[in-house]
Structure formats: C-alpha cells, structure tokens
Amino acid sequence: MIIPHYYKDPHSLHVGTMPNRAYYIPSSRRSDALVEHRETSDRFQLLNGSWKFRYYASIYDLQDAFYEVGYDASAFDSIPVPSVWQNHGYDHHQYTNIRYPFPADPPYVPKENPCGAYLYDFTYQKDATAPRAFLNFEGVASCFYVWLNGQFVGYSQVAHSTSEFDVTKFLQDGTNHLAVLVLKWCDGSYMEDQDMFRMNGIFRDVYLLHRPEQCIEDYFITTDIHGSTAEVAVRLRYYDSAVATRITLYDAAGTMVGSVTPVEASDDAAFPYHAEITVVDPTLWNAEQPYLYTLVLDTPNEIITDRVGIREVHVANNQIYVNGRSIKFHGVNRHESDPVTGYAVGFEQTKKDLLMIKKHNFNAIRTSHYPDVPYFYQLCDQYGFFVIDEADNESHGASEYYCEGNESWPNHVENWNKPIADNPEFTEATVDRTRLCVERDKNRPCVIIWSMGNESAYGCTFEEALAWTKSFDPHRLTHYESAQYRSKNRKYDFSNIDMFSNMYPSLESMQEYLDNEPDKPYSAENTLEVYSEASGNWTVIPLDYCLVTAEGIGAEFRVWDTVTLTGTGAEQAGQWAGLDGDRIVYGVTETTLRLRADPGGEHFYGRLVHNGSSVVWVSMDGTQREEYFPAEGVKAERRVPDLEYLTECDNRVWGCSSSENVIYACKLGDPTNWFSYRGIAADSYAVTVGSDGPFTGAATCMGYALFFKENTLHKLYGSCLLYTSPSPRDGATSR
C-alpha cells in the first residue's frame, strides 16, 4: 500500500489541514458580488475542470506512486471535477437506509476498498502582495490524500465539510502537478450512514486562495439587540501576528453605519481581537424581511466583504422567539442530490431550489443530514430562510450492530449507542464533525439552530459535542432528535439541548407532549413521509400537520426532498414522462410525447393542466405557458376541464379543479391512457363529490389520493371514494 493508514484510524481525522474557520472569499478590493460570483475575486483561483482519473476496485490494486511528477498517466481516463465517479461509469450505485454498505466492524472498513486517483495540472504565479496560497476542497467523499508536485500535503475526511491546506511551500511558478487519492470508505463512513444514495469523488469545488503573508485567519460576528439599538460585535484571529485592520458597517443603501479598529482582548484565546459597532434603530433580519448590512474588513493588501443580519433567537415559555416574537418554522428537509450529477449540485441549481421553496411559502430549511455547500447559507441569508444547520453525522447502522435476528425495537434502542454514540473512541470524531459545521457557518444569520446530526442514538460523544457548541456559540439554539435513543445503563446529560425533537410524530403524540407541560419547544421532524412511484424527490404535503400551530410546536420539517429533477434526453419510445409532484420531470422521445423543450435538461417549475387534446405547463407565477401535444394519432376523446391540482397514486394520475365538484383519474402509463378519457372505464373515470365548496388542493399519502376543500377531506383509492370527512380545521382527526 502506498499510503499511511489514516483512513482507518479515528484519531487521525485530518493531517496537514488548517484550523477550522468561517467561510469567506478574500479579495484585493471590496467586492459585493462574491456570493454569486466569487470567481471575480482576484485572490480566488478555481481548479475545477477536466481532471485525469483512474478507478481501482481495491486500494491494494494501486501499486504505483501515481502522484510523482513525470508519472506515466496514459492509462488514466478523464472525469469532470466536481462530480461523483458512479455517475461517470465507475463502480456502482449503492443505496441503503439503515444497514452499513459493508460488514460493520468499526473503525475498520473492508480491505477491498475502492478508490479513485485524480491528477490535475495548473498554472500558478506568485503575487508579491499575496504570496501565501491555501488549497481548499469543499466536499470529498469519503476521505482523501493530497500531493502537490510529488510531495505529500495532507489527508482529510468528513465528506460535506471544507478541508483547507497551506500549500505555499509546495507551489512553484509555472506548472504545478496536483494529485488526489479518494477512498470509497474510511472510519468516518460509520458516521456517514445517511439514508441516501452513496456516491464518491470530489463533488464540490476545488480552489486556491491567494493571501498576504499576514492577514485575518478567522472572525466571528454576533449581534445583540437592546431596545432601539443593536451591537454588532466582531471577534478576530490573525495567522501569526495582527495587522492594521479597519472594520466598517454599511446599511443596505450603502450608507456607512460605523467604523472601528479592533482592540486586543487578552482573555479570549480563540479570538484575541475585538470590535463593536453600535447601530441605532436597526432593521432586524428575519425570514420575511431578510435585511442585510454589509461588513468590510480592510487590511493591508486584502479586503474581506461579508453580510450581517441583525437578529436574536432564544427560548422562553416553551416557545422559540426571534427578535422578541414567537415564531413557527414551516420547513423542508433538503438533500443536495441530482439524478444526473449526484452530490455535485451547483450554484444555479441551489438558487433555483431555494426560489422554488420560497414560492411555496416555506420559511425554514433543515440541511439534512450534513452541511450544505457554503454559498447555500449566503443565499438563505438573502432570500430569508431560518436554517437548522446539521452536522455530517449519522450512524443509523449501529442500531442493528448488536441486533442480528432480533426484531425487538426496545432492544435496538437499548444497544444502538454502544458502538459509536456512547463509545469514547468516537468522541473526537463526533466533536470534530460538529466543529466543522459550526465554525464554518457561524457568521450566517440564517442559521438559527445547530443540529448535532441524525439517527445516531445518544451518549458521551454527543454530550461533548453539545457542551462544546453551547460554550462556543451560546447565541443559537441546539437540536438533536436522536437524543431519545439511548441505553438505560446510566443517566445522560441533556442540559445543552434546547428543543425536544421527534421524527414522524402522530398528531396524538404531539398533543400529548404539549399536554404534559414540557420545558422545551417541540420540533416535529418529517411529520409525514410520502412515497411516489413517479418521482421520489419532491412531495408537497398540505395535510392536517400543517394546521398544528399550538404554542410549543416550534418547528415542522415535513417535506422530502426539494431537489429539482432533470431528464437525460435518452428515454426509450413509449416510456412514461414522469411527474415530479405537479411538475414535469422529463419527456420521452419524439415518437410519443415531448414534455421538455430543451433535451439538455431544462428545469421546469409549474403545474400541469390538462386541456383536452394537449397538456399545458404553467409556471408558478403564471407568466409562462407551454403547450404539449401527444404523438400523432393519439386523440383525446373527451374534453376534461383544466385540472389545477394533480397527484399520482395507485398507478393513476388524479386531478381536480376549483371550478367543479368532480375528481378525475386516468391510468398512468403510455400517452394513450393518459390523454384518453373514456367515461367511467377501467383506464379513466370520474367521481362526483359533494358541492361543499371548491377544491383547494390534492396530495398522495400512504397509497391514497387525498383532495381538499374548505370543510371536507375526500380520500380515494382506486376508483372508490373511501370516505368524506370534515376538515381537520373543525377538530376532526385524520383517518
């Protein structure tokens, strides 16, 4: 083996990396465009592109020092960076929910551990005003080793977190040779057992930052509100020694609010320089009015431009307060995933996802189950979302480690925390994952709550992570749903958790919690799981849970997943053109029905409306319409009114409109069945319901089609109307 065994040592998490710091992009001048256009900074050198690549089924198949300058890489293929190698024909896709994708024996992974070797040449020219260079990887799964010009630079892990290396001494003017070895599994894989497709590679941006010899290394912005004034505090740390620094705050109109010079604070080892700016009559940040100030940190030869939201969050009276007002989070759980690019979700798609979520009136996002790409949070600042920022930590597979052949849920709960969550061997790794999340995103006003992770049970590792978090950042709340899963062999410390969370709760359990005079607000995670055969990445749930607004219900995160789907343009004739909720996912070939104008993968946001012999796509804001026709010879035999609300269930597409009291359905399949209505027949039919107001929505749940009115809920399965019930608004319990 050509590499040291860091990948199976839980105490060698990072080698040669820089200390954690907040995300920012420096420049030689002030720039207010670095959120959407960070490439415009003259201190930012993007290394994305076509890299040389070779896949090995086992780390032991890699015998050559491929990283050496002059190595013959003629047998290498090419692969885009960022990307995941499974989506480019290497290895195979793997999906698992609970069980680990390999035989569990923490911290060890299989000897036959696949890997990918990457090579990339780039040009570097040393800048006398910014001679230091830092190499950044924003996301690599699962772990990786780095060489530059044949010299070993370092090692790192934690897939969805940034790893930064000081490569100043390794660089040379002219051509430089970068080599990276990515392993499919490492000891960290035991803590990355999220319910999702498992993919590997360099899936986020790679870049160099050019910095002065001495400059700001890290800073921490906090805000405090005192009546009609607010204090914006900035705590700083420099690399080796302090340099002259001017910190200036501007309002959204560009008017200077205040300007100060930091002073030394000898009692703060983490950030030994402090500055404060007083804001009179501040405009406060919240999800409905995401007002942002601009902060400029000016040092010799470098300027950092950031944005500040003045807001405050706390818990009182069993409720969450933002800026002194009790609030409710109506949120979504968002994965960074795409059927074409996998984990590599770029800026434009991230932006479209957030705009779509905003248009659907959600005000909160949980980054399930890992930190998102850094600019995601800057966009959330800008668009107005409350964010639960979740550490890249899930060891769900540990729940079955001692439970082979035992279906007893209490036994699973009793033993779940033994391998990892309550094992001191993993305390360092657990705290590390929390710190990587918190320290990178600490300056983002959208982040209201830190989450320790997901489905990992509870024990000493999370007690330490929570204690560190509350000590480092007492200004935000903490959350960890899996704290309820622990053995009975000792008492546990829950004092650093601010919220009680429960996954997939029933309405009855939520009410029971509220009736017992709790001392923490309630976070209802994933209040309903909806399954769809036609899509799977987008579901909207306008159900009873949306109506629960009692005091003490602080957060509902009830939608999985808000990632936009795209097509490949290579579907076979006759294949069904899928629906993503009520949006077009992709079209089939021209021999049948074409539902996408651009075969390159254009995203659609809107609803489908049946219009007799055609289908009309209407954008969410109503400004765009596109009409699509079935293949030649396929005719609609019965005109059906425009269907405003569509859902898919039981191998049928269902629809209704606010203009009549009829629910329509037709077989899901080829275009003939979709566009032909033959009365109340096997492949399409209509059900007449009571004339008690217009329809207001449709959804699919647990294999049933649900249709909503002001005062009634209609539940159907197949061609049968199972029942009509009073609306939950009238106090009825959903059946």
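Analysis parameters
- Residues numbered from 1 in each chain as written.
- Predicted model: local features only at pLDDT ≥ 70, side-chain atom pairs only at ≥ 80, totals over all residues.
- Heavy atoms only, no water.
- Helix = DSSP H or I, 4+ residues; strand = E, 2+ residues; numbered from the N terminus.
- Buried < 20%, exposed > 50% of the residue type's maximum accessible area, 1.4 Å probe, protein only.
- Contact = heavy atoms within 4.5 Å.
- Salt bridge = Lys/Arg side-chain N within 4 Å of Asp/Glu carboxyl O.
- pLDDT = per-residue confidence, 0-100.
- Right-handed = clockwise from strand over helix to strand, strands pointing away.
- Phe/Tyr/Trp six-rings, centres within 6.5 Å; stacked < 30°, edge-to-face > 60°.
- Lys NZ or Arg CZ within 6 Å of the ring centre and 35° of its normal.
- Axes fitted to C-alpha atoms, helices over the stretch in contact; angles between N-to-C directions.
- Parallel < 35°, antiparallel > 145°, perpendicular 65-115°, else oblique.
- Left-handed = near helix turned anticlockwise from the far one by under 90°.
- Nonpolar A, V, L, I, M, F, W, Y, C, P; charged D, E, K, R; others polar.
- Expected span 1.5 Å × (residues − 1).
- Pairing = 2+ DSSP bridges.
- Disulfide = S-S within 2.5 Å.
- Core = buried A, V, L, I, M, F, W, Y, C linked by side-chain atoms within 4.5 Å.
- Polar contact = N/O pair within 3.5 Å; in protein donor to acceptor, adjacent residues only side chain to side chain.

Some words on the overall build of the protein
Here comes step 1: Within the protein, the regular secondary structure consists of seven helices and 47 strands.
Here comes step 2: Relative to its 735 residues, the protein shows a buried fraction of 60%.
Here comes step 3: A sequence separation of at least 24 residues applies to 68% of the contacts in the protein between residues at least 6 apart.

Some points on the environment of Ser-189
Here comes step 1: Of note, Ser-189 is situated in the loop between strand 12 (174-183) and strand 13 (196-198).
Here comes step 2: Spatially, the C-alpha atom of Ser-189 lies 9.6 Å from that of Tyr-108, the residues being 81 residues apart in sequence.

A closer look at helix 2 (residues 374-383)
Here comes step 1: Counting buried residues in helix 2 gives nine out of 10 residues, a clear majority hidden from the surface.
Here comes step 2: Every buried residue of helix 2 is listed here: Pro-374, Tyr-375, Phe-376, Tyr-377, Gln-378, Leu-379, Cys-380, Asp-381 and Tyr-383.
Here comes step 3: Considering only its buried residues, helix 2 is in contact with strand 23 (302-308), helix 1 (347-359), strand 28 (364-366), strand 29 (386-390), helix 4 (427-441) and strand 30 (447-451).
Here comes step 4: Just beyond helix 2, the residue with positive phi is Gly-384, at close to 95°.

Things to note about the pattern of salt bridges
Here comes step 1: Enumeration over the complete set of coordinates arrives at 30 salt bridges.
Here comes step 2: Ionic pairing is found between Glu-439 and Arg-435, a salt bridge with its closest N-O pair at 3.0 Å. With a gap of four residues between them, Glu-439 and Arg-435 both fall in helix 4, about one helical turn apart.
Here comes step 3: Glu-439 gets classed as buried once you look at its relative accessible area, which sits at 5%.

Topic: the environment of Pro-518
Here comes step 1: Looking at where Pro-518 falls in the secondary structure, it is placed in the loop between helix 6 (507-515) and strand 33 (522-525).
Here comes step 2: For Pro-518, a relative accessible area of 19% corresponds to the buried category.
Here comes step 3: Taking the C-alpha atoms as reference points, Pro-518 and Asn-318, separated by 200 residues in sequence, lie 7.0 Å from one another.
Here comes step 4: Look past the residues within four positions of Pro-518 in its chain and what remains in contact with it is Asn-318 and Tyr-513.

Focus: the confidence of the model for the protein
Here comes step 1: Here the protein shows a mean pLDDT of 80. Residues at 70 or above account for 74%.
Here comes step 2: Taken together, the stretch residues 669-684 has pLDDT below 50 and engages in 46 contacts with residues farther than four places along the chain or on a different chain.

Focus: the pairing of strand 27 (residues 329-333)
Here comes step 1: Within strand 27, four of the five residues are buried, leaving the element largely enclosed by the surrounding structure.
Here comes step 2: A crossover links strand 27 with its parallel partner strand 28, the connecting element being helix 1, and its sense is right-handed.

Let's talk about the packing of aromatic side chains
Here comes step 1: Inspection of every chain in the model, using the stated rule, returns 47 aromatic pairs.
Here comes step 2: Aromatic side chains Phe-102 and Tyr-190 sit 5.2 Å apart centroid to centroid with 80° between the ring planes, which places their arrangement in the edge-to-face category. Here Phe-102, found in the loop between strand 5 (94-96) and strand 6 (115-124), pairs with Tyr-190, found in the loop between strand 12 and strand 13; they are 88 residues apart in sequence, far enough to count as distant. Accessibility classification places Phe-102 together with Tyr-190 in one group, the buried group.
Here comes step 3: Its end group placed over the ring of Tyr-60, Lys-111 keeps NZ or CZ at 5.1 Å from the ring centre.
Here comes step 4: When the ring centre of Phe-385 is taken as origin, the NZ or CZ atom of Lys-358, which lies over that ring, is 5.0 Å away.

Observations concerning the packing of helix 4 against helix 5 (residues 460-472)
Here comes step 1: Where helix 4 meets helix 5, the axes come as close as 8 Å, and the angle between the chain directions of the two elements is 30°. When the axes of helix 4 and helix 5 are compared, the pair comes out roughly parallel. Viewed along their axes, helix 4 and helix 5 form a crossing whose handedness is right-handed. Facing helix 4, whose interface residues are Thr-427, Thr-430, Val-431, Thr-434, Arg-435, Val-438 and Glu-439, helix 5 presents Cys-460, Thr-461, Phe-462, Glu-464, Ala-465, Trp-468, Thr-469 and Phe-472.
Here comes step 2: Its residues assigned to classes, the contact of helix 4 with helix 5 shows seven nonpolar, five polar and three charged.

Some remarks on helix 4
Here comes step 1: Between its terminal C-alpha atoms helix 4 stretches 22 Å, which fits the 21 Å expected from 15 residues at 1.5 Å a residue.
Here comes step 2: The element helix 4 is extensively covered by neighbouring structure, given that 13 of its 15 residues are classed as buried.

With respect to the sheet that holds strand 21 (residues 273-280)
Here comes step 1: Overall, antiparallel pairing links the four strands, which are arranged 16-17-21-20 in an open sheet. Pairing within the sheet leaves two strands with one partner each, and these edge strands are strand 16 (216-226) and strand 20 (263-264).
Here comes step 2: Here strand 17 (residues 229-238) runs beside strand 21; their pairing, made up of eight bridges, is antiparallel. Bridged to Thr-229 within strand 21 is Val-280.

So, the sheet that holds strand 2 (residues 44-46)
Here comes step 1: If you trace the four strands from one edge of the open sheet to the other, you get 2-15-7-11, paired in antiparallel fashion. In this open sheet, the two edge strands, each paired with only one partner strand, are strand 2 and strand 11 (163-166). The mean angle between the axes of side-by-side strands here comes to 25°, regardless of whether they run parallel or antiparallel.
Here comes step 2: Two strands pair when backbone bridges link them, and strand 7 (residues 132-137) and strand 15 (residues 206-211) are joined in this way by six bridges, in the antiparallel orientation. The residue bridging Arg-132 from the neighbouring strand is Arg-211, located in strand 15.

Side note on the state of the cysteines
Here comes step 1: Going through the model one piece at a time under the given rule, you end up with zero disulfides.
Here comes step 2: Its sulfur unpaired, Cys-143 is 4.2 Å from the next cysteine sulfur, which belongs to Cys-186.
Here comes step 3: In this structure Cys-143 comes out as buried when scored by relative accessible area, which is 0%.

What to know about the nonpolar core
Here comes step 1: Counting residues in each nonpolar core, the largest one holds 87 residues, and the members touching the most others are Tyr-7, Phe-66, Leu-181, Leu-183, Leu-354 and Phe-386.
Here comes step 2: Aside from chain neighbours lying at most four places away, what touches Leu-181 is Ile-3, Ile-59, Leu-62, Phe-66, Cys-115, Gly-116, Ala-117, Cys-143, Phe-144, Tyr-145 and Trp-147.

Quick look at the pairing of strand 18 (residues 246-250)
Side-chain direction in a regular strand flips from residue to residue, so the side chains alternate between the two faces of the sheet.
Here comes step 1: Among the five residues in strand 18, four count as buried, and that is most of the element.
Here comes step 2: Here five bridges tie strand 18 to strand 22 (residues 293-299), and the two strands are oriented antiparallel to one another. For Leu-249, the partnering residue across the bridge sits in strand 22 and is Leu-295.

Let's talk about the packing of helix 1 against helix 2
Here comes step 1: Helix 2 packs onto helix 1 with a crossing angle of 35° between their chain directions and a minimal axis gap of 10 Å. The way helix 1 lies across helix 2 gives a crossing that is right-handed. Together, Phe-347, Thr-350, Lys-351, Leu-354, Leu-355 and Lys-358 of helix 1 and Tyr-375, Phe-376, Leu-379, Cys-380 and Tyr-383 of helix 2 make up the contact between the two elements.
Here comes step 2: Along the lines of polarity and charge, the residues of the contact of helix 1 with helix 2 split into eight nonpolar, one polar and two charged.

Brief notes about unusual backbone geometry
Here comes step 1: Following Val-81, the chain continues to Pro-82 via a peptide bond in cis, the omega torsion being 10°.
Here comes step 2: Residue placement: Pro-82 occurs in the loop between strand 4 (77-81) and strand 5.
Here comes step 3: One non-glycine residue, Asp-281, lies in positive phi territory at about 50°.
Here comes step 4: By the element assignment, Asp-281 lies in the loop between strand 21 and strand 22.

What to know about the environment of Pro-131
Here comes step 1: You can see Pro-131 is positioned in the loop between strand 6 and strand 7.
Here comes step 2: Take Pro-131: its relative accessible area is 11%, and that puts it in the buried class.
Here comes step 3: Once the C-alpha coordinates of Pro-131 and His-210 are considered, the two residues, 79 residues apart in sequence, prove to be 6.7 Å apart.
Here comes step 4: Those residues in contact with Pro-131 that sit more than four places away from it in its chain are Tyr-124, Lys-126, Thr-168, Arg-211, Pro-212 and Glu-213.

Let's talk about the side chain of His-396
Here comes step 1: Within the secondary structure, His-396 is located in the loop between strand 29 and helix 3 (409-416).
Here comes step 2: Within the structure, the side chain of His-396 is placed 3.0 Å from the side chain of Glu-455, a separation counted as a polar contact.
Here comes step 3: Beyond its immediate stretch of four places on either side in the chain, His-396 contacts Asn-97, Ile-98, Asp-193, Trp-416 and Glu-455.

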